[in-house]
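Here is what each chain is made of, one letter per residue.
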Amino acid sequence: MHNLDKKIYNTISSDKEYTDIKKDLTTFYWSRKDKQIMSKIVENFTSEGDVVFDPFLGSGPILFSLDQSNKNLHFIGSEINEMPLAFVKFNLSDLNIDQLDDIKRNFLTFYEKYKNLYEYENPLNDEKILISKIILDKHEEGYIPKKFIFEGKEKLFVDKVDENLFEKLKISYQNRCLKLEKYKKIYDIDLLPNSRIAIKKGMKISDLFNAINFHVLNAYSKEFKSNSVMITFLASVLHLCRLTDLKSQSQFPFWVPKKDAVERNVLTLLKKRIEKVCKEKNDNTLKLELVTNFKSFKEKKKSVYLLSKPCQAITEKDLPDNTVDIVITDPPYFDQVAYSEYLKIWEFFCDYKSQLKNELIYSNREVEASNKENYLENLYHCFSLVAKKLKDNGLSIIFFKDSKPQNIGLFIGQMEKCGLKFIKTCHLEKKKYTYKQNTTQNTTVGGECLFFFKKCSIKTKKIITRNFENKNQIKKEIEKVILNFLKKNHIKNDEASLGELYDSGLILRLYEENLLKHISNSRQIVTILDNNLLKSKNRKYKID
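What you see is a predicted model; the values in this text were computed from it and never measured.

Undergrad: So what about the overall build of the protein chain? Which residues, and what values?
TA: If you tally the helices and strands in the protein chain, you get 16 helices and 16 strands. Computed over the C-alpha atoms, the radius of gyration of the protein chain is 26 Å, within 12% of the 24 Å expected from 2.2 N^0.38 for a compact globule of 544 residues. Structurally, the protein chain occupies a C-alpha span of about 80 × 60 × 45 Å along its principal axes. Taken over 544 residues, the protein chain has a buried fraction of 56%. Partitioning the intrachain contacts of the protein chain with sequence separation of at least 6 by distance along the chain shows that 73% fall at a separation of at least 24. When the accessible surface of the protein chain is summed, it comes to about 26800 Å², and 48% of that surface belongs to carbon and sulfur atoms. In the protein chain, 93 positive and 74 negative side-chain charges are present, and the distance between their average locations comes to 3 Å.

Undergrad: Mind laying out the sheet that holds strand β10 (residues 324–329), listing which residues take part and the relevant values?
TA: Reading across the sheet, the eight strands line up as β8-β9-β2-β1-β10-β11-β13-β12 and stay open at both edges, with mixed pairing between neighbours. On the outer flanks of this sheet lie β8 (289–291) and β12 (420–428), each paired with one strand and no other. Neighbour-to-neighbour, the strand axes of the sheet open up by a mean angle of 20°, direction not taken into account. Where β10 and strand β11 (residues 390–399) come together, five bridges link them in parallel fashion. Residue V324 lies in a different strand from β11, and its bridge partner there is L390. Lying on the sheet, helix α1 (residues 2–13) is in contact with β11, β12 and β13 (448–455); it crosses β12 at an angle near 25°. Of the strands in this sheet, β11, β12 and β13 are in contact with helix α13 (residues 405–417), which crosses β13 at around 25°.

Undergrad: Report on helix α12 (residues 372–389), specifying residues and quantitative values.
TA: Along its 18 residues, α12 runs 26 Å from first to last C-alpha, staying within 8% of the 26 Å computed at 1.5 Å per residue. Residues of α12 that are buried include every one of Y375, L376, N378, L379, C382, F383, S384, L385, V386, A387 and K389, and no others. Buried residues along α12 sit in contact with β1 (51–54), β10, β11, α13, β12 and β13. Its side-chain oxygen at 3.1 Å from the backbone nitrogen of E373, N371 defines the N-terminal cap of α12.

Reading the values: rules and limits
- Residues numbered from 1 in each chain as written.
- Predicted model: local features only at pLDDT ≥ 70, side-chain atom pairs only at ≥ 80, totals over all residues.
- Heavy atoms only, no water.
- Helix = DSSP H or I, 4+ residues; strand = E, 2+ residues; numbered from the N terminus.
- Rg over C-alpha atoms; globule rule 2.2 N^0.38 Å.
- Buried < 20%, exposed > 50% of the residue type's maximum accessible area, 1.4 Å probe, protein only.
- Contact = heavy atoms within 4.5 Å.
- Areas by Shrake-Rupley, 256 points an atom, 1.4 Å probe, with all protein chains shown as cover.
- Lys, Arg positive; Asp, Glu negative; His and termini not counted.
- Charge placed at Lys NZ, Arg CZ, Asp CG, Glu CD.
- Pairing = 2+ DSSP bridges.
- Axes fitted to C-alpha atoms, helices over the stretch in contact; angles between N-to-C directions.
- Expected span 1.5 Å × (residues − 1).
- Polar contact = N/O pair within 3.5 Å; in protein donor to acceptor, adjacent residues only side chain to side chain.

As structure tokens, then:
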């Protein structure tokens, strides 16, 4: 344990900046981990020649850290959905000058063919000018423009103040949309209803786009359907091509605001992305060796072996048991991100298949629904396999975060059933602060939370049994445990955020006391802290 504590200390206390990490030029995905954090974990917890396994690869930010590392590490990643794997493969692929020239030439031909759909009368002269984006409000008859913003350094725009020109632009825009509306009926599909992610019954994929962008995106998809690189470019900007809010929040891809909806020029988005990638790709290709089977895996230096399947379907042939030195992964957290459902937009335009079946998720969707019990059962199957693949005493470092301590307790319980002993948590700060739709700033668990598990035979624990007479007695016991924890444990700088308190041992203590199951949400803990501690403006509690 002393060695682990030292590694954790080195990770959280290091101010080292990894300035030689390559840029990710294309990837878009949800819940991507910070490459600086991943590099600290790789540096402190891996050894030369280690086999590293990520059963929930996503878009693979860890690969940038493996590329940067001086160690010869071998990596295996499995992923259930095709889109993130497409980004990984693109980041690993070399493109020569001729290929880059072909990309630019092919796109320019497409661009010239469709740019007239985004050309409008220039407010300053008689020439045509490209629109950059349009701000719209929803009315009974649909989305109506309220502001036109043009391309160029001048940052020209036209709104209702310039009544005559605005009306002319609005009529021109509406006529184009009306003309292209028929294409929606040709290509459209129904979305699977799920009220939690804003998909109402009868909602279609075209409801997320204006008629012009929907037409251009379908044309691009058809034109380049056999060109995987061009489709990767489309995938990298698709989240910006739908109607978004002013801040382009990608966390809610099926939600379209009724006021101040933003519609962007698809061609400009693609053009900027392609130009940037063509300019910088060769300097940022990951120098890792992609192999196609486990047999050749360790014969290569810095090898990468990708499995396109759910991790619970991995076979002995894919990855033999007792082979993995360390697991570093970020599994889905209960109902927080509906990855496969979100990816239906990319499946439609990019033909990247997304799997609802076997997805680790807690979702009330109508097809392949998965309640909390299903999630926990699937979690058990996934990490039972992970435990088999790990060597004895192998370490699993798992990113896991939930504003409901009850859920954390269920997660830890499933891990221990799999033969992965819960030994430690640690907290890593993030520069960017975000909070979820179903929480407040006070109840959100900020930063990154790392849970450490060790593969070993777990002795049957004597669970602390408590016979509480009422909820008030439970509340008093929880408060007692929390306050005792604060008295007995040294907190760095005598102040801590909610997330820091959780990860400095409070969650472990509450788990050992068998109390997590009684704490349905963070508000219960926040109330205790607020009643007993002072809190600063930066949402940190003062610990005396």
